Amino acid sequence: MKLVILVVEDEPEVRDAVVGDLAPFAATVRIEPAEDVVDAWEAVEDIDADGDLLALVLADHRMPGRSGVDMLVEMDGDGRTAAARKVLVTGQADQADTIRAVNDAGLDHYVAKPWEPAVLQQVVRDQLTGFVLDTGIDPLPHMRALDRVRAMEALR
């Protein structure tokens with residue numbers, strides 16, 4: 001079983017940049033790109049079918065069809081995705097969208113575009129660690145992607 005990071009971004013160059021910045025996690029964590037909300041839910045089906053576990057969603061807000069905030073709210077109410085950490089990666093969410101994401105989707109973090117790769121990687125590491133510790137998953141197989149100090153303290 002692998003932990004999965006789902007990256008939902010409609011602009012291919014931005015999606016590729018996010019996935020590229022997550023390269024340090026790729027040996028340990030499955031990174032699943034999706035171009036819109038429909039594609040994201042198909043990825044969730046694939047993740048379930050493969051026996052992997054959705055741990056983190058990085059979602060843009062403004063996308064064709066349904067917004068990233070709408071998707072995160074929907075995911076917060078779905079048993080397959082409710083426990084996943086949710087991060088909004090956007091430069092276009094207004095205050096009302098952001099408040100809705102926090103209150104209705106259980107948003108765990110907000111990353112403003114453009115992001116610094118090191119900051120994004122730290123947010124991902126923190127969120128993956130929180131997910132593993134909160135869900136009671138054995139952190140040892142995922143240690144390379146986690147905050148080792150927090151994970152080791154949890155093992156004591």
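Residues numbered from 1 in each chain as written. Predicted model: local features only at pLDDT ≥ 70, side-chain atom pairs only at ≥ 80, totals over all residues. Heavy atoms only, no water.

1. Observations concerning the sheet that holds strand β1 (residues 3–8)
- Taken together, the 5 strands give an open sheet; going across it, the order is β2-β1-β3-β4-β5, and neighbouring strands pair in parallel fashion. Edge strands, defined here as strands with exactly one partner in the open sheet, are β2 (30–34) and β5 (109–112). The mean inter-strand angle of the sheet, taken between neighbouring strand axes irrespective of direction, is 20°.
- Taken together, the 6 bridges between β1 and strand β3 (residues 53–59) define a ladder with parallel strand orientation. Directly across from L3, in β3, lies its bridge partner L53.
- In the packing of helix α5 (residues 117–135) onto the sheet, the strands contacted are β1, β3, β4 (85–90) and β5, and the crossing angle to β3 comes to about 145°. (Pairing = 2+ DSSP bridges. Helix = DSSP H or I, 4+ residues; strand = E, 2+ residues; numbered from the N terminus. Axes fitted to C-alpha atoms, helices over the stretch in contact; angles between N-to-C directions. Contact = heavy atoms within 4.5 Å.)

2. A short note on the pattern of salt bridges
- Counted according to the given criterion, the structure contains 13 salt bridges.
- In this structure, E32 engages R30 in a salt bridge whose closest nitrogen and oxygen atoms are separated by 3.1 Å.
- One network of salt bridges, in which partners are shared, links R30, E32, D50 and D52. (Salt bridge = Lys/Arg side-chain N within 4 Å of Asp/Glu carboxyl O.)

3. Digging into helix α2 (residues 37–50)
- Taking 1.5 Å of rise per residue, 14 residues should cover 20 Å, and α2 covers 20 Å from first to last C-alpha, within 8% of that figure.
- Of all the positions in α2, only V37, A40, W41, A43, V44 and I47 are classed as buried. Looking down the long axis of α2, one finds its buried residues gathered within 155° of arc, a one-sided arrangement. Facing away from the buried side of α2, by more than 90 degrees, are the exposed residues V38, A49 and D50.
- Buried residues in α2 make contact with β1, β2, β3 and α3 (68–76).
- Looking at where α2 begins, the residue whose side-chain oxygen comes 3.3 Å from the main-chain nitrogen of V38 is D36.
- One or two residues past the end of α2 sits G51, with phi positive at roughly 80°. (Expected span 1.5 Å × (residues − 1). Buried < 20%, exposed > 50% of the residue type's maximum accessible area, 1.4 Å probe, protein only. Arc of directions from axis to C-beta. Polar contact = N/O pair within 3.5 Å; in protein donor to acceptor, adjacent residues only side chain to side chain.)

As far as function goes, none of this settles anything; it's purely spatial.
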